[in-house]
Amino acid sequence: MVYGQVFHPRRPDDCFIVVNVGGFKQRLDQDLLKRFPQTRLGRLLCCNSKEAILELCDDFSPSEMEFYFDRNPCFFCYILNFYFTGKLHLVDGLCVVSFCQEIEYWGIREGHLDFCCSNKFHELMAFVEDRWSQESDGQLTGSSADELPADMFEGSWCGDVRRNIWIRLEKPGHSTLAKVMAVVSLAVVIGSIISMCIHSMDVNKATTDHPWLRGFDSFCVLFFSVEFFLRLSVAPSARMFLRSTLNVIDFMSVVPFYITLACDVADEDDDTGLENVGKVVQILRLMRVFRILKLARHSAGLRSLGATLQHSAREVGQLILFVSVGISTFSTLIYFAEKDSEESELQSIPIGWWWATISMTTVGYGDTFPVTLPGKMIGTLCIVCGLLIVALPITNIFNKFSNLYQRQKDMDLRQKTNCLETIFDCNGCYKK
């Protein structure tokens, strides 16, 4: 029962309420609103106190049974159409975000959108979410000096000097010196990767490390350390700097060297636990693989790949789920099909997991394979299902990668254009 009905005798008009939205009045039948009890107007009918009514509307008149809403009166026409037809339609010229806020206010779900507007709505929402994700892309692809407000350096210690160094470290196209620094950094990264590969060859041959190889590796780590702490010291915000993915990779690429050095020193002082210390050293040396990821700072493709994985977590999760279900299913089927054959190596479900994995991903090493006719039929079905399962989410991931890669190229092009504008003034004179 509506609050106003408590104080007035029941009249034929009591089955109607008046809704006033921004000056637009509409007389509505209560039975019409009761068809959608979860909406804001439908919940008004269940209110039994003044406080409850004022939680759902801005004001109301008990004598006139009129409820006031300070909302967009043009959009309310679409709300009325929803109550009459049960279907919701998009509003031409209205931002999709504002549309979502309006229907959320009136308590209407997106599922009530008619089929003629549903696809367009989801396309617009995907476009908006893609725009919103650009800020998180900036964290992955690295900070841009153009996006840093000038006042972040103003008033700080040596603000002008730090900004000049920051721009040259972050924007290779700013000047000739910045390009040289970027080329040298890239050369050291590539040299460090080559050194790591040569070192692995020496380890396999059970030979000792060459002095020049160790010296070059130490030089690379020293260069990476100086570069990291120099960029940290001139960064406008140390907290934002340390939260960047690329900077975390830079830090992880140098930390294993110093921990290994500390372990070697402890190894010389204490002869106990040599085996455990040796294992720790080997694990830390394995962490030098992070140096390969430093190439992402100089490659738009690698940064786009990282952004794609970040924004395709749902698709990747679905892919892992589909493959896991397929592996569990076909490993069990192949086990029961091959367990009675002495020639088959698929004599347990864990071995069937390995076979199903390489079969569904169409790798096919050939180390394990079915020999019976039912097993071969199951293998054929496993390969076909694997192709379909892997292909389903890959399309969305590929589209996101293409969009992010194109966006990254546009960002790099804008940075180069801004660099030219900072080098040359409007009269074509060179700026020092």
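Not measured: the values here are computed from a predicted model.

**What to know about the packing of aromatic side chains**
Right, so step 1: Counted under the stated rule, the structure contains 17 aromatic pairs.
Right, so step 2: Ring centres of F36 and Y83 lie 5.7 Å apart, and the angle between their planes is 75 degrees; on these two criteria the pair is classed as edge-to-face. One end of the pair, F36, is in the loop between α1 (30-33) and α2 (40-44); the other, Y83, is in helix α4 (residues 73-85), with 47 residues separating them in the sequence. A single burial state applies to F36 and to Y83, both of which are buried.

**Focus: the UniProt feature "transmembrane region" (unreviewed entry) in the chain**
Right, so step 1: The UniProt entry lists residues 177-201, 213-234, 319-337 and 377-398 under the feature "transmembrane region" (unreviewed entry), expressed in the numbering used here.
Right, so step 2: Annotated as residues 213-234, this span is 100% helix and 0% strand, and its ends, taken at the C-alpha atoms, are 32 Å apart.
Right, so step 3: Along residues 319-337, the helical share is 100% and the strand share 0%, with 27 Å between the first and last C-alpha atoms.

**Section: unusual backbone geometry**
Right, so step 1: Non-glycine residue M65 carries a positive phi angle of around 55 degrees.
Right, so step 2: Mapped onto the secondary structure, M65 falls in the loop between β3 (59-61) and β4 (66-69).
Right, so step 3: With relative accessibility at 7%, the residue M65 sits in the buried group.
Right, so step 4: Unlike most non-glycine residues, T362 shows phi in positive territory, near 55 degrees.
Right, so step 5: When you line up the elements, T362 lands in the loop between α16 (349-360) and α17 (373-423).
Right, so step 6: T362 gets classed as partly exposed once you look at its relative accessible area, which sits at 46%.

Thresholds, definitions, all that
- Residues numbered from 1 in each chain as written.
- Predicted model: local features only at pLDDT ≥ 70, side-chain atom pairs only at ≥ 80, totals over all residues.
- Heavy atoms only, no water.
- Phe/Tyr/Trp six-rings, centres within 6.5 Å; stacked < 30°, edge-to-face > 60°.
- Helix = DSSP H or I, 4+ residues; strand = E, 2+ residues; numbered from the N terminus.
- Buried < 20%, exposed > 50% of the residue type's maximum accessible area, 1.4 Å probe, protein only.
- UniProt positions renumbered as here; feature names shortened; annotations may be inferred.

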